[in-house]
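# Architecture at a glance
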Amino acid sequence: MPNGSHRPSSASDVRPGRGGIAPLDQAAQFLKGVGPKRAEQLARLDVRTARDLLFHVPRRYEDASTVTRIGKVEIGQDATVIGEVVTKGVLPTRSGLRIFQAVLRDGSGQIEASWPGQPFLDRTIRKGDLLLVTGPVRFFHGRQIAPREYIVLGSVEDEGGSTAGKVLPIYATTEGLSQKVLRSILDQNLDRLLPLLQPEDPLPQALAQRHGLPTLMQAVQQLHRPASLREAEQGRRRLAYEELYFLQLLHARAQRRERTRRSGITFVRNDRLIATLYRKLPFELTAAQTRAISEIFGDMTAPYRMNRLLQGDVGSGKTIVALFAMLLAAENGMQSALMAPTEILAEQHARTISALLEGIDVACVLLTGRLAARERRDALQQIRSGAAHIVIGTHALIQEGVRFHRLGLAIVDEQHRFGVRQRQALGSAGVNGASEADAAGEPTLEIEDTQPPSDGAPPDTLVMSATPIPRSLALTLYGDLELTVIDELPPNRKPVRTAVRQGSARSRVYEFVREQVAEGRQAYIVYPLVEESDKVELKAATAEHERLATEEFSDLRVGLLHGQLAGDAKDATMRAFAAGELDILVATTVIEVGIDVPNASVMIVEHAERFGLSQLHQLRGRVGRGAADSFCILISDGGPEAVERLQILARTDDGFEVARADLQLRGMGDVFGARQHGLPAFRFFDPERDEDLLLAAREDARALVERDPELEREEHARQRAALKQRFGEREALFGVG
Ligand code: ADP
Ligand code: MG
């Protein structure tokens, strides 16, 4: 389960207890079995209050179905076994390390368990104890398990030797705070705390009942003390539904407000510019592109405001779709803004779009943070006067001083790279300067008011993303948006042939790069750079560039590109690569989004195991853009698990499938960087299993908002409070107090 705090420790909607503090808000230090030291350890697990303890639910469970009979355990396996301690003792070794060892036995055989450096276990583990241990099994004078985790289940006598039907919760722990201690703290407090949850259950009984879900109190109990794995799953589903329901409630309200309060611009088609571009296109639009354009035109020519997400795998051709939308705005005498996450990408968009607009009477300007003062003044002036019809830029577009003459369409490219707030800032440019995002202290696009349009409507918005996330998840994350998917690549596209190789094969790989370059192609060599500020990684790319340029490929032209290069240098390098003046580009993930150099046919990714699968998929989308066969070689010295994961990319070229696999392997938080991107952090929702819950929550939320849009009725007070508690910030953004 991804991390994320379920409820912040400062609930405001609970009844006050002694001393004016609600009992569940009491500091963890006052729990039974917890003193100052334990409280400190608990805080490391983000458990600071009694409520936090309740929501510190197990990470997973063990039960008979996950336990291997000792007789069946094999060397090399990662096993969980349950056995009785038949002998035990501490072994000194020559190096002075003391090892605690125990022999475990069940009906099928026995195995040795060994804890190096933990002689003190001799005091906690007794002969006759029933022990569950999990860990790798290796060969050491016979089979030996190296426990990563162990739990004393009890003694054989009081268990009657049977563990049938028993489910063991496994918690996240921290140094000094073992499973055993944590479990005992829960044991001492759970019965007293659980009933306190009842009055703050935010879901109406009827709703939970309709979906066969338990109450909040029952669910939390089921998670901590499930009678079966099924019961634990019940509890999880209930909390997942709750997460979904409130998120959908938020979306439903935003959508409704949008519909009622915000009518939009009604664009009219006259096909003056659109037809010209269509005739000039160097290729046929795909059916999916045509459908996307038609949906967007449908929104734009309708009297309401467009709020649409255009999703399509890398290389599916979203830019041209955006350009058609911008021309429709231009035909109506209105401006468009296209915001990209990096300067390189913004500049590239400006280049491609200017080229496509050759001979068409539409002016395009670029606005990024690194224009010289003169250029910037010029650009701002053109934007302000309306001379610029299409404005392309980075987040510089939502900074102070940018005033549009009449903005009709706001487009955000690679939207997952932006925060929710930035996306909304571009979209929520209010006609009179005051906007929702303003209220949240965010920079916004302002619109010059000198010539107020008769309809006074805010711009239509289109956000684009190449993160090919499953439809159900897209609806969850962006439930306030309509969704268009481009599910088809242009026909000339060949799949990128992908292979996983070990570092020892590097010279072979370089040889291959050489062959490709000899045929006139170009190559990327990518190094991980997780954060822009990650100095160590940066050095890796820089140092490797040095080595490759002076040794390995000293006879070739090798460039370097990373986010911290000065603007001019970055620009020059990118330009040189695009113009074919460089054979090899050593780069960090700055090239991940949108870069389009059709002649590049090889991509080498170093330390591939450090990337997420979806990110690698995006990266390899940089090659395979031309007619030539193209290749992606993932170099990794990660273990067999890492290689297995990377092999998924070798097997499929379908971004959706990759995303699905990525989700399964890493969980939502990691895949979408939920926190950084301002997306809600789900702890319980599992997009693979809970699509039914999602659809139900969506429907329920919409129904409620239809009945009581502002949740003003007394019986909805608790839901309203819960909504605010969960999304305080976002709610504020939507202008709800
Ligand atoms: P993305 O969806 O990743 O943003 P782009 O818009 O950058 O994709 O398009 C990728 C490449 O495909 C560009 O070089 C573009 O000119 C080209 N392209 C777009 N649509 C088509 C098409 N229908 N047929 C052939 N090539 C196309
Ligand atoms: Mg793109």
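Just above sits the structure.
Computed from a predicted structure; not experimentally measured.

Let's shift gears to the overall build of the protein chain. Each helix and strand counted, the protein chain has 25 helices and 23 strands in total. Going through the 737 residues of the protein chain one by one, you find that 56% of them count as buried. As presented, the protein chain carries roughly 31,800 Å² of accessible surface, and 49% of it is formed by carbon and sulfur atoms.

A few words on the environment of Glu 609. The residue Glu 609 is located in the loop between strand E22 (600–605) and helix H20 (613–620) in this model. Of the residues examined, Glu 609 reaches a relative accessible area of 25% and is grouped as partly exposed. Distance in space between the C-alpha atoms of Glu 609 and Asp 637 is 7.9 Å, their sequence separation being 28 residues. Excluding residues within four positions of it along the chain, Glu 609 makes contact with Ile 635, Ser 636, Asp 637, Gly 638, Ala 642, Arg 645 and Leu 646.

What follows concerns helix H5 (residues 179–197). Considering bend angle alone, the principal kink of H5 is centred on Leu 190 and spans about 55 degrees. Regarding H5, the residues found buried are Gln 179, Val 181, Leu 182, Arg 183, Ile 185, Leu 186, Asn 189, Leu 190, Leu 193, Leu 194 and Leu 197.

In the neighbourhood of ligand 1, 16 residues make up the surrounding shell, with Glu 284, Gly 315, Lys 318, Thr 319 and Asp 596 lying closest. Within the backbone of Gly 315, a nitrogen or oxygen atom sits 2.6 Å from an oxygen atom of ligand 1. Look at ligand 1: alone it shows 560 Å² of surface, and the protein chains cover 86% of it. Structurally, ligand 1 is housed in the second largest pocket.

Read across the open sheet, the six strands follow the order E18-E23-E22-E19-E21-E20; overall the sheet is parallel. Two strands lie at the open edges of the sheet, namely strand E18 (497–501) and strand E20 (558–561), each paired on one side alone. On average, each strand axis in the sheet is tilted by 20 degrees relative to the strand beside it, whichever way the strands run. Sheet topology note: the strand E19 (residues 522–526)/strand E21 (residues 584–587) ladder contains four bridges and is parallel. Across the sheet, the residue bridging to Tyr 524 is Leu 585, located in E21. Sitting on the sheet, helix H21 (residues 640–651) is in contact with E18 and strand E23 (631–635), with an inclination near 165 degrees to E18.

Before going further, it helps to examine the sheet that holds strand E10 (residues 335–339). Read from one edge to the other, the open sheet built from seven strands follows the order E11-E12-E10-E14-E16-E9-E17, with strand pairing classed as parallel. Among the strands making up the open sheet, the edge pair consists of strand E11 (364–367) and strand E17 (482–486). Pairs of neighbouring strands in the sheet enclose a mean axial angle of 20 degrees, with direction left out of account. The pairing of E10 with strand E14 (residues 407–412) spans five bridges and is parallel. Its bridge partner lying in E14, Met 339 is registered against Val 412. Sheet strands in contact with helix H10 (residues 287–301) are strand E9 (307–312), E14, strand E16 (460–465) and E17, and its direction is about 160 degrees off that of E17.

Turning our attention to the pattern of salt bridges. What the rule picks out here adds up to 30 salt bridges. Asp 201 is the partner of Arg 238 in a salt bridge, and the nearest nitrogen-oxygen pair spans 2.8 Å. Taken together, the positions of Arg 238 in helix H8 (residues 229–261) and Asp 201 in the loop between H5 and helix H6 (205–210) put the pair 37 residues apart, joining distant regions of the chain. Per residue, the accessibility class of Arg 238 equals that of Asp 201, and both read buried. Note that Glu 233 is salt-bridged to Arg 236, the shortest N-O span being 2.9 Å. Residue Glu 233 and its partner Arg 236 are both found in helix H8; the two are separated by three residues, about one turn of the helix. Judged by relative accessible area, which is 5%, Arg 236 ranks as buried.

This part covers unusual backbone geometry. Unlike most non-glycine residues, His 141 shows phi in positive territory, near 50 degrees. Its location among the elements puts His 141 in the loop between strand E5 (129–139) and strand E6 (143–145). Here Asp 271, not a glycine, exhibits a phi torsion of approximately 60 degrees, which is positive. Inspection of the secondary structure assignment puts Asp 271 in the loop between H8 and helix H9 (272–280). Looking at Asp 271, the relative accessible area reads 33%, which means it is partly exposed.

For the pair H10 and helix H11 (residues 318–331), interaxial distance at closest approach is 10 Å and the crossing angle is 30 degrees. Classified by the angle their axes make, H10 and H11 are roughly parallel. Read as a crossing pair, H10 and H11 show a hand that is right-handed. On H11, the residues touching Gln 289, Ala 292, Ile 293, Ile 296, Phe 297, Met 300 and Thr 301 of H10 are Ile 320, Val 321, Phe 324, Ala 325, Leu 328 and Ala 329. Each residue belonging to the contact of H10 with H11 can be placed in one class, and the counts come to eleven nonpolar, two polar and no charged.

With that settled, the discussion passes to the layout of surface pockets. Of the voids in this model, the second largest pocket is the one considered here, and its volume is about 980 Å³. Along the walls of the second largest pocket sit 36 residues, with Phe 283, Thr 352, Arg 493, Asp 596 and Arg 625 positioned nearest its centre. Among the elements of the structure, H11, helix H12 (343–356) and helix H19 (567–578) are those that each provide at least two residues to the lining of the second largest pocket. Take the lining of the second largest pocket: its biggest share by element is eight residues, from H12. Here the lining of the second largest pocket is built from residues that sort into 17 nonpolar, ten polar and nine charged.

Conventions used here
Residues numbered from 1 in each chain as written. Chains lettered and ligands numbered in written order. Predicted model: local features only at pLDDT ≥ 70, side-chain atom pairs only at ≥ 80, totals over all residues. Heavy atoms only, no water. Helix = DSSP H or I, 4+ residues; strand = E, 2+ residues; numbered from the N terminus. Buried < 20%, exposed > 50% of the residue type's maximum accessible area, 1.4 Å probe, protein only. Areas by Shrake-Rupley, 256 points an atom, 1.4 Å probe, with all protein chains shown as cover. Contact = heavy atoms within 4.5 Å. Bend = angle between axes of the 7 residues up to and from the residue. Near = heavy atom within 4 Å. Polar contact = N/O pair within 3.5 Å; in protein donor to acceptor, adjacent residues only side chain to side chain. 1 Å grid on protein atoms, 1.4 Å probe; cavity = no way out; pocket = protein on both sides within 12 Å on 5 of 7 lines; lining within 4 Å. Sits in = over half its atoms within 2 Å of the grid points. Pairing = 2+ DSSP bridges. Axes fitted to C-alpha atoms, helices over the stretch in contact; angles between N-to-C directions. Salt bridge = Lys/Arg side-chain N within 4 Å of Asp/Glu carboxyl O. Parallel < 35°, antiparallel > 145°, perpendicular 65-115°, else oblique. Left-handed = near helix turned anticlockwise from the far one by under 90°. Nonpolar A, V, L, I, M, F, W, Y, C, P; charged D, E, K, R; others polar. Points joined across faces, edges and corners; volume = space filled by probe spheres on them.

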